[in-house]
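# Structural features, examined
Residue-level listing of the chains:
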Amino acid sequence: MTMNLKPASIQQSVYHSSHHPHLDVRTTLDSLQPYATHMHDCMSLGVVTSGKTRLKFAHSECLLQAGEGVLIAPEQAHSCNPVDNTLRSYHMFYIDTSWVLQALDAAEDAAIHIHNPVIRDSAIISDLTRLAEAIAQGRGFPEAGKLLSHLLAHRCSVRGHPKRLWQDGVADQTIFAAAREAGMGREGFIRHVKREVGMTPGAYRQCLRLAKARQLLRHGTDLAVTALESGFADQSHLHRMCVKYLAATPKQLKPR
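Residues numbered from 1 in each chain as written. Predicted model: local features only at pLDDT ≥ 70, side-chain atom pairs only at ≥ 80, totals over all residues. Heavy atoms only, no water.

## Examining helix α3 (residues 144–155)
Side chains that are three or four residues apart share a direction in an α-helix, a result of its 3.6 residues per turn. Quick note on the threshold: Helix and strand assignments follow DSSP, with helices taken as H or I runs no shorter than four residues and strands as E runs no shorter than two, numbered in order from the N terminus. Expected helix span is given by 1.5 Å per residue-to-residue step, counting one fewer step than there are residues. The classification of residues rests on relative accessible area computed with a 1.4 Å probe and restricted to protein chains. Under 20% of the type maximum is buried, over 50% is exposed, and intermediate values are partly exposed. Summarising the geometry, the arc corresponds to the directions from the helix axis toward the C-beta atoms.
Given a rise of 1.5 Å per residue, 12 residues ought to cover 16 Å, and the 17 Å separating the end C-alpha atoms of α3 matches this to within 8%. Within α3, the full set of buried residues consists of A144, L147, L148, L151, L152 and R155. An end-on view of α3 places all buried positions within 120° of arc, on one side of the element. Exposed residues pointing more than 90 degrees away from the buried face of α3 are listed as K146, A153 and H154.

Have a look at this one:
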């Protein structure tokens, strides 16, 4: 079997739903493309449709196979990579954080904690697969709100959002300047951030930039403009970071 090793050759698309505007769905088929440790600014919900994937969080990992899924909280560091160099296919749902907090009847600044992330209920997986197919076909799915609300209510809780005094500095300054502003040395600052969020300040900053890029792409912004407005040096830099952290090209991440 010929393996698709180049991201641009992988069959994958992102679909935005006018029927469910809080929800985007990414469908990826037969991919070996790995992810560097990353996070999203929204709730992520993955469903494996074929093959296997290894999910790693900061302090734990698990093996997911076809017919299983996982919930990942906003800003939770993770990676989902191939197992034994075999292809895997999956749907990824990106659910707007404000909608999730409203569904959980939580404050706007609350942090979401997932206490039961792995989904092995075949009925739920079947419904999620039908939801992904409906959105890809431009159709509404009347049970979507009830399905997602039920899933969140039984697997999530909320707590006060941690105050990260270094966060704005990491987004806007060099790592050295952010460390100095936080009153730390560079190496100590890197260890502190990695302990708090599960990734280095540099990786965290790239993920913040990619979150902004995805929002711009969602609104039809040109790739070159998206790169510059998101803080990347140029379109090539955006492309490299998308492939590294999101296992897709910017063009593939532009919703249909």
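## Quick look at the layout of surface pockets
Rules: Put plainly, a pocket is an open set of points on a 1 Å grid over the protein atoms alone with protein on both sides within 12 Å along at least five of seven lines, a cavity is a set where a 1.4 Å probe fits but cannot get out, and a lining residue has an atom within 4 Å of a point. Grid points are joined across faces, edges and corners, and a volume is the space filled by probe spheres set on the points. Gly is put with the polar residues, along with every residue not named as nonpolar or charged; the nonpolar set is Ala, Val, Leu, Ile, Met, Phe, Trp, Tyr, Cys and Pro, and the charged set is Asp, Glu, Lys and Arg.
Taken as a whole, the largest pocket holds about 830 Å³ of empty space. Lining the largest pocket we find 33 residues, and of these A73, P74, E75, Q76 and I112 sit closest to its centre. Listing elements by their share of the lining of the largest pocket, those giving two or more residues are α1 (97–103), β9 (110–114), β11 (156–160) and α6 (186–197). Tallying contributions element by element places β9 first for the lining of the largest pocket, with five residues. For the lining of the largest pocket, the class distribution of residues is 15 nonpolar, 10 polar and eight charged.

## Details of the sheet that holds strand β8 (residues 88–95)
For clarity, the threshold we go by: At least two bridges found by DSSP between two strands is the condition for calling them paired.
Pairing is antiparallel across the open sheet formed by six strands, whose spatial order is β1-β2-β8-β3-β6-β10. The sheet is open, and its two edges are formed by β1 (11–16) and β10 (118–119), each paired on a single side. The pairing of strand β2 (residues 23–31) with β8 spans seven bridges and is classified as antiparallel. Across the sheet, S31 pairs through a bridge with R88, a residue of β8.

## Observations regarding empty space enclosed by the protein
A complete count under the given rule lists three cavities of 30 Å³ or more for this structure. Considered as a void within the structure, the largest cavity measures approximately 100 Å³ in volume. Forming the walls of the largest cavity are Y35, G46, V47, V48, T53, L64, V70, C80, Y90 and M92. For the lining of the largest cavity, the secondary-structure elements that each account for two or more residues are β3 (43–50) and β8. Ranked by residue count, the leading element in the lining of the largest cavity is β3, at three residues. Residue composition of the lining of the largest cavity, grouped by class: eight nonpolar, two polar and no charged.

## Brief notes about the side chain of R155
We apply this condition: Under this definition, polar contacts are N or O atom pairs within 3.5 Å; protein pairs additionally need one hydrogen-donor-capable and one acceptor-capable atom, and for neighbouring residues in sequence, both atoms have to be side-chain atoms.
Assignment of secondary structure puts R155 in helix α3. A polar atom in the side chain of R155 sits 2.9 Å from the backbone oxygen of V118.

## Observations concerning the packing of aromatic side chains
Formally: Pairs were defined over the aromatic rings of Phe, Tyr and Trp, the Trp ring being its six-membered one, requiring ring centres within 6.5 Å. Orientation was assigned from the angle between planes: stacked under 30 degrees, edge-to-face over 60, tilted for the rest. For a lysine, the NZ atom is tested; for an arginine, the CZ atom; a charge sits over a ring if that atom is within 6 Å of the ring centre and within 35 degrees of the ring normal.
The final tally for this structure, using the stated rule, is zero aromatic pairs. If you follow R209 out to its NZ or CZ, it ends over the ring of F232, 6.0 Å from the centre. Positioned over the ring face of Y94 is R214, at 4.3 Å from the centre of the ring.

## Considering the side chain of Q12
The condition is simple: For this analysis, residues touch if any pair of their heavy atoms sits within 4.5 Å.
Mapped onto the secondary structure, Q12 falls in strand β1. Separated by 2.7 Å, the side chains of Q12 and R26 make a polar contact. In contact with Q12, other than residues within four places in its own chain, are P7, R26, T27, T28, Y90, A247, A248 and Q252.

## Considerations on the nonpolar core
The condition is simple: Each nonpolar core is a collection of buried residues, namely Ala, Val, Leu, Ile, Met, Phe, Trp, Tyr and Cys, held together in the definition by side-chain atoms within 4.5 Å.
One finds M43, L45, L71, F93, I95 and L128 to be the most contacted residues of the largest nonpolar core, which totals 32 residues. Elements with a minimum of two residues in this core: β2, β3, β8, α1, β9, α2 (122–136) and α3. At seven residues, α2 tops the list of elements feeding residues into this core. Not counting chain neighbours up to four residues away, the residues in contact with F93 comprise L23, D24, V25, M43, S44, L45, V47, L128, L131 and A132.

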